[in-house]
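Each chain is listed here by its residues.
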Amino acid sequence: MEYVIGIVAAVAIGLFATVIGFDKERSFYPVVLIVIAALYLLFAVMAGSTETLVAETIPALVFVAMAAIGFRKTPWLVVAGLALHGVFDFFHHAVIANPGVPVWWPGWCLAYDVVAAAYLATLIIIRRAARPASA
């Protein structure tokens, strides 16, 4: 069920951002990626584990870097970051023991991240195709 809810949430948030115009700003999806990466830090704090917080900081910094570089260079790096975070969700429990992570979280976040990556990729393709050809 967490997968279905993650998919629905990603589509709903993506459509809302498009309708409202939030995602016309280059910073929208990089900020989404940063927030997604920070949530594992929050779970470590909720668990009260400094060791886990330190362990979670390393992958979080990788995703924050992907968001920042993607913002400055190419949104395709943000797409990759979202998709890779989904893969990370799948393997997270085998790499980092974080007792603050809810049982349903990895499946929800995997589904959300992959669908958000696909949504952003679709936006990039559609918006580039809609641009007039430069002379």
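Notes on the structure in this doc start here. (Residues numbered from 1 in each chain as written. Predicted model: local features only at pLDDT ≥ 70, side-chain atom pairs only at ≥ 80, totals over all residues. Heavy atoms only, no water.)

The helix and strand tally for the protein stands at five helices and zero strands. When its helices and strands are written in sequence order, the protein yields α-α-α-α-α. Its C-alpha atoms give the protein a radius of gyration of 16 Å, within 12% of the compact-globule value 14 Å for 135 residues. With respect to the principal axes defined by its C-alpha atoms, the protein has extents near 55 × 30 × 25 Å. Looking at the 135 residues of the protein, the share that counts as buried comes to 39%. Accessible surface, the protein as shown: approximately 7,800 Å² in total, 76% of it carbon and sulfur. Separation between the mean location of the 7 positive side-chain charges and that of the 7 negative ones in the protein comes to 21 Å. (Helix = DSSP H or I, 4+ residues; strand = E, 2+ residues; numbered from the N terminus. Rg over C-alpha atoms; globule rule 2.2 N^0.38 Å. Buried < 20%, exposed > 50% of the residue type's maximum accessible area, 1.4 Å probe, protein only. Areas by Shrake-Rupley, 256 points an atom, 1.4 Å probe, with all protein chains shown as cover. Lys, Arg positive; Asp, Glu negative; His and termini not counted. Charge placed at Lys NZ, Arg CZ, Asp CG, Glu CD.)

On to helix H1 (residues 2-20), then. For H1, which comprises 19 residues, the first-to-last C-alpha distance of 26 Å matches the rise-based estimate of 27 Å (1.5 Å per residue) to within 8%. Within H1 the residues assigned to the buried category are Gly6, Ala9, Ala10, Gly14 and Ala17. The arc that holds the buried residues of H1, viewed along the axis, is 125°, so those residues lie on one side. Opposite the buried face of H1, by more than 90 degrees, sit the exposed residues Val8 and Val19. Elements that come into contact with the buried residues of H1 comprise helix H2 (28-47) and helix H5 (105-130). (Expected span 1.5 Å × (residues − 1). Arc of directions from axis to C-beta. Contact = heavy atoms within 4.5 Å.)

Positionally, Ala83 belongs in helix H4 (residues 75-95). Take Ala83: its relative accessible area is 29%, and that puts it in the partly exposed class. Once the C-alpha coordinates of Ala83 and Ala129 are considered, the two residues, 46 residues apart in sequence, prove to be 23 Å apart.

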